[in-house]
2 protein chains.
Amino acid sequence: MKLDASKKILIVGLGLLGGCYAMALKKKGFYVTAITKEPDDLTYALSQGIIDKGSTTVEAELIKEADIIVFALYPHTFIEWIKENGDLIQEGTVITDVTGVKGCLVYEIQALLKPGVEFIAAHPMAGREVSGVRNSDDSIFKEANYIVVPTEANTFGAIELCKELGEILGFARVSVLNPEKHDEMIAFLSQLTHCIAVSLMCANDNPGLVLYTGDSFRDLTRIARINDEMWSELFLSNKDALLKEMEKYRKTFDKLYDCIKHNDREEMRSMMRISTERRGEFNKKS
Amino acid sequence: MKLDASKKILIVGLGLLGGCYAMALKKKGFYVTAITKEPDDLTYALSQGIIDKGSTTVEAELIKEADIIVFALYPHTFIEWIKENGDLIQEGTVITDVTGVKGCLVYEIQALLKPGVEFIAAHPMAGREVSGVRNSDDSIFKEANYIVVPTEANTFGAIELCKELGEILGFARVSVLNPEKHDEMIAFLSQLTHCIAVSLMCANDNPGLVLYTGDSFRDLTRIARINDEMWSELFLSNKDALLKEMEKYRKTFDKLYDCIKHNDREEMRSMMRISTERRGEFNKKS
């Protein structure tokens, strides 16, 4: 399948990310439809021209006419949806997703689908501190990473199609990782950082501190405003990888604690120099 | 003493912050002199008009003519300087500083000074990830906090003078805290956040991660580029308060770890809601 504007794309779940996908695809001339639960969200998206057509129920016609279906649901809702409605998907349809965890999901979805329907997973690493289609804004893709996450069951064609989708959506970088590497990377770069920010905000309840806050504290805790329903599910869905990264980080934090406690200034300075050097690399690539 | 442009201000230590002080004061019409070790820094500051006059040695004349002396040195260098040269400071001179820790320093300096010389401590909560007078830029004060840190030995006049200095320098907010409250606040808002960023950067040495980094990781680790000489001294100078904040944070992080390990989603969500609510407060005040 070649991804040109003659293709019909169905979005299942019109939240923040589903809305961003629809916006970006409409701008490129695609015919975009949606299935989403809330009537308000559907009315809003139709009135704003974010989608061409949609339904609040699982309409067989919308599924049948779609060339590509993008699932923008929480992990467990995605699996439930496929269990209940997977049979309605036509042979030849390619399905993809936006889920932030992969290992717990990709193999199960692939096993549930009937032959001729291919699921190629993707993770658009973009988001906002607010949710819902009313906050959708496809400019969040501009500086962001899009990761295609194939398994051995995927075809070359579907992987290429999914990469092309990432480019059409306007992502800065498109790359490919297997589910295990993806989950490990996400555990460190995204989930651990959210754990740190949440822990820091919960560690001190002195409201007077707000008065003295500087930029470093604000930057570090920006992500402490968090969608608790979604992130608690993501953390538990990637439990093993996340606990491993938390343990590694805690060990390093404890090492620094011991340096301070035992006045080991040389070891402390050596950690600071490693930190400075590594962080410098992240700046260059940004 | 009233802080008008007839006053002569001597900066001891022309690094990043000393340079910012000189710049801001010169713009307001003050006569600014400097004593600093490196001939290069002095030549640079003179050639750029950042100071009016200066010396690389402790020149009695510069100290004698100054109405106010600002010490922009590392804590231990500040104490050594006063021990060696304190006698040169004239009666009636007010001295202040820029040091990021207070309890370990303020009482000792005050005890070393001869009668008639008053030390009123201050902490300009501003900085950059780079150092030296060549990187000085007084616009860093614009959004920042300036904390005056008096002890019971300070006079009302000196406290007011020091607050006025913070306003003249262009700080967004000027407030007053005693040394103990200051050090507690700094341990949490500034030192703990630097410990976290350094630990996170040292916890994972996979260079490939750079490719997938998003904004949240970059924001959280911005301060991981750190002046190891200065910060290791600051950490050790505020050891007790910092270790206490590290322990509190570590306990909260462990609680979140246990929630994930034992699938306690409700407790996890409750922490996330507390975090979201508290972080919201910090936004409002920003």
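Predicted model only: the values in this text are computed from it and were never measured.

Asks: Mind showing me how you'd approach the packing of helix H10 (residues 239-261) of chain A against helix H10 (residues 239-261) of chain B here?
Replies: How two helices sit against one another is set out by the angle between their axes and by the gap between those axes. Here H10 of chain A crosses H10 of chain B at 165°, and the two axes come no closer than 11 Å. Put simply, H10 of chain A runs roughly antiparallel to H10 of chain B. In this structure, H10 of chain A meets H10 of chain B at a crossing whose hand is left-handed.

Asks: Would you take a moment to explain the sheet that holds strand S8 (residues 145-149) of chain A for this structure?
Replies: Backbone hydrogen bonds are what pair the strands of a sheet, in a parallel or an antiparallel way. Residues and elements named next belong to chain A. Across the sheet, three strands lie side by side as S7-S8-S9; this open sheet has mixed pairing. Looking at which strands have only one partner, the edges of the open sheet turn out to be strand S7 (121-125) and strand S9 (173-176). Averaged over all adjacent pairs, the angle separating strand axes in this sheet is 20°, with direction ignored. As paired elements, S8 and S9 share four bridges and run parallel to each other. Counterpart to Val148 in the pairing with S9 is Val176. In this fold helix H6 (residues 156-169) packs onto S7, S8 and S9, with an angle of close to 165° to the strand it touches most, S8.

Asks: Would you mind showing me how to read the pairing of S8 of chain A here?
Replies: Looking down a regular strand, the side chains alternate between one sheet face and the other. All names here are of chain A. The element S8 is extensively covered by neighbouring structure, given that five of its five residues are classed as buried. Covered by surrounding structure in S8 are Asn145, Ile147 and Val149 together with Tyr146 and Val148, the residues of both alternating faces. As defined by bridge partners, S7 adjoins S8 across five bridges and the pair is classed as antiparallel. Bridge pairing in S8 places Ala122 opposite Val148.

Asks: When you look at the pattern of salt bridges in this model, what are you seeing that I'm missing?
Replies: If charged atoms from side chains of opposite charge come close, those side chains can pair. Under the criterion given, the structure shown has 31 salt bridges over all chains. Note that Arg222 of chain A is salt-bridged to Asp219 of chain B, the shortest N-O span being 2.8 Å. You can see Arg222 of chain A sitting in the loop between helix H8 (215-221) and helix H9 (228-237) and its partner Asp219 of chain B sitting in helix H8 (residues 215-221), one on each of two chains. Among the residues examined, Asp219 of chain B registers a relative accessible area of 24% and is labelled partly exposed. For Arg273 of chain A, the salt bridge goes to Asp228 of chain B, with nearest N and O atoms at 3.1 Å.

Asks: Please explain helix H2 (residues 39-47) of chain A as it appears in this structure.
Replies: Because an α-helix packs 3.6 residues into every turn, residues spaced three or four apart end up facing the same way. Residues and elements named next belong to chain A. The complete set of buried residues in H2 reads Asp41, Leu42 and Ala45. Buried positions in H2, seen along its axis, are confined to an arc of 100° and lie on one side of it. Opposite the buried face of H2, at more than 90 degrees from it, the exposed residues are Asp40 and Ser47. Each element contacted by the buried residues of H2 is listed here: strand S2 (31-35) and strand S3 (53-55). One or two residues past the end of H2 sits Gly49, with phi positive at roughly 70°.

Asks: How should the environment of Lys255 of chain A be read in this particular structure?
Replies: Residue and element names in this part refer to chain A. Its place among the elements puts Lys255 in helix H10. You can call Lys255 partly exposed: its relative accessible area is 41%. Sequence separation between Lys255 and Met268 is 13 residues; the distance between their C-alpha atoms is 8.7 Å. Not counting residues within four places of it along the chain, the set of residues in contact with Lys255 comprises Glu267 and Met271.

So, how was this worked out
- Residues numbered from 1 in each chain as written.
- Chains lettered and ligands numbered in written order.
- Predicted model: local features only at pLDDT ≥ 70, side-chain atom pairs only at ≥ 80, totals over all residues.
- Heavy atoms only, no water.
- Axes fitted to C-alpha atoms, helices over the stretch in contact; angles between N-to-C directions.
- Helix = DSSP H or I, 4+ residues; strand = E, 2+ residues; numbered from the N terminus.
- Parallel < 35°, antiparallel > 145°, perpendicular 65-115°, else oblique.
- Left-handed = near helix turned anticlockwise from the far one by under 90°.
- Pairing = 2+ DSSP bridges.
- Contact = heavy atoms within 4.5 Å.
- Buried < 20%, exposed > 50% of the residue type's maximum accessible area, 1.4 Å probe, protein only.
- Salt bridge = Lys/Arg side-chain N within 4 Å of Asp/Glu carboxyl O.
- Arc of directions from axis to C-beta.

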